[in-house]
Amino acid sequence: MHSFNNSPRNSDDYDKAKTIRKVSELESNNRNLNARLHSMSVAINAARVGFWEMDLSSGNFHISASYAAMLGYKTDKLTQSFETILNLLHPDDVDLFFSNHINFLTNPETRLNLRFRMRDSNGNYRLIQSSGFATSLDSHGRPSCISGIDIDIDYKQCPETKTRTNCSGVYPLHVLSR
């Protein structure tokens, strides 16, 4: 009786087979990860959510492609800077925006949570809900990097009419600070 063994005949063959199996497994995991990332990207765009991150020590600022799309811009048309965000803010919301950020930076254990209006690519103002937190602290316990998401809630409900529509109008500050 002859015994059939599917294992390689020597240790070099065994190591090669093991490596091939590992590479195949990694390729499969990579395909699955890419599929999940694509699904997440589609969901983020559908939800009108944008990601932002600011490194306070270097001043580097990043806006995701979905952030630009949320406002109707192409990514390459928005400069990756905090100044870009400030330039898109409604003039009446600048003080509220800064006071919330200063409060957050002096109390890093809190979350940044505010509403403000931003100008979209058509020149209209959209109501944005922003949430963020310190992702790293410096040696003095102050935020050195903050990250968050902004959500376009303008289309959800107009405060004046309580209807689901694009209201892109002027909101009193008491509505924005809720």
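Residues numbered from 1 in each chain as written. Predicted model: local features only at pLDDT ≥ 70, side-chain atom pairs only at ≥ 80, totals over all residues. Heavy atoms only, no water.

Participant: What am I meant to see in the overall build of the protein chain here?
Facilitator: What the protein chain contains, in helices and strands, is 5 helices and 5 strands. Mapped from its N terminus to its C terminus, the protein chain presents α and β elements in the order α-β-β-α-α-α-β-β-β-α. By residue count, 31% of the 178 residues in the protein chain fall in the buried class. The contacts of the protein chain with a sequence gap of at least 6 include a subset with a gap of at least 24, amounting to 45%. (Helix = DSSP H or I, 4+ residues; strand = E, 2+ residues; numbered from the N terminus. Buried < 20%, exposed > 50% of the residue type's maximum accessible area, 1.4 Å probe, protein only. Contact = heavy atoms within 4.5 Å.)

Participant: I keep staring at the confidence of the model for the protein chain and nothing clicks. Help me out?
Facilitator: Close reading of the predicted structure is inappropriate where its pLDDT is low. Taken as a whole, the protein chain shows an average pLDDT of 79; of its residues, 76% reach a score of 70 or greater. Every residue in residues 162–166 is under pLDDT 50, and counting partners more than four places away or in other chains gives 13 contacts. Contacts from residues 168–178, a stretch scored under 50 in pLDDT, to residues over four places away or in other chains number 27 contacts. (pLDDT = per-residue confidence, 0-100.)

Participant: Which parts of the structure should I look at to understand the packing of aromatic side chains?
Facilitator: Here the structure, examined in full by the defined rule, presents 4 aromatic pairs. Seen from their ring centres, Phe 97 and Phe 98 are 6.3 Å apart, and the 85° between their planes marks the pair as edge-to-face. Overall, Phe 97 belongs to the buried group, its relative accessible area being 3%. Here the aromatic cluster, defined as three or more aromatic residues joined through ring pairs, consists of Phe 61, Phe 82, Phe 97, Phe 98 and Phe 116. (Phe/Tyr/Trp six-rings, centres within 6.5 Å; stacked < 30°, edge-to-face > 60°.)

Participant: Any chance you could explain the pairing of strand S5 (residues 143–152) here in plain terms?
Facilitator: One face of the sheet, then the other: side chains in a regular strand alternate in exactly this way. Counting buried positions over the 10 residues of S5 gives 8, a clear majority of the element. Two strands pair when backbone bridges link them, and strand S1 (residues 49–55) and S5 are joined in this way by 7 bridges, in the antiparallel orientation. Within the sheet, the bridge partner assigned to Asp 55 lies in S5 and is Cys 145. One ladder, built from 9 bridges, connects strand S4 (residues 125–137) with S5; its direction is antiparallel. Counted as the bridge partner of Gly 132 is Gly 148 from S5. Here S4 hands over to S5 after 5 residues, with Gly 141 in that stretch at a positive phi of 80°. (Pairing = 2+ DSSP bridges.)

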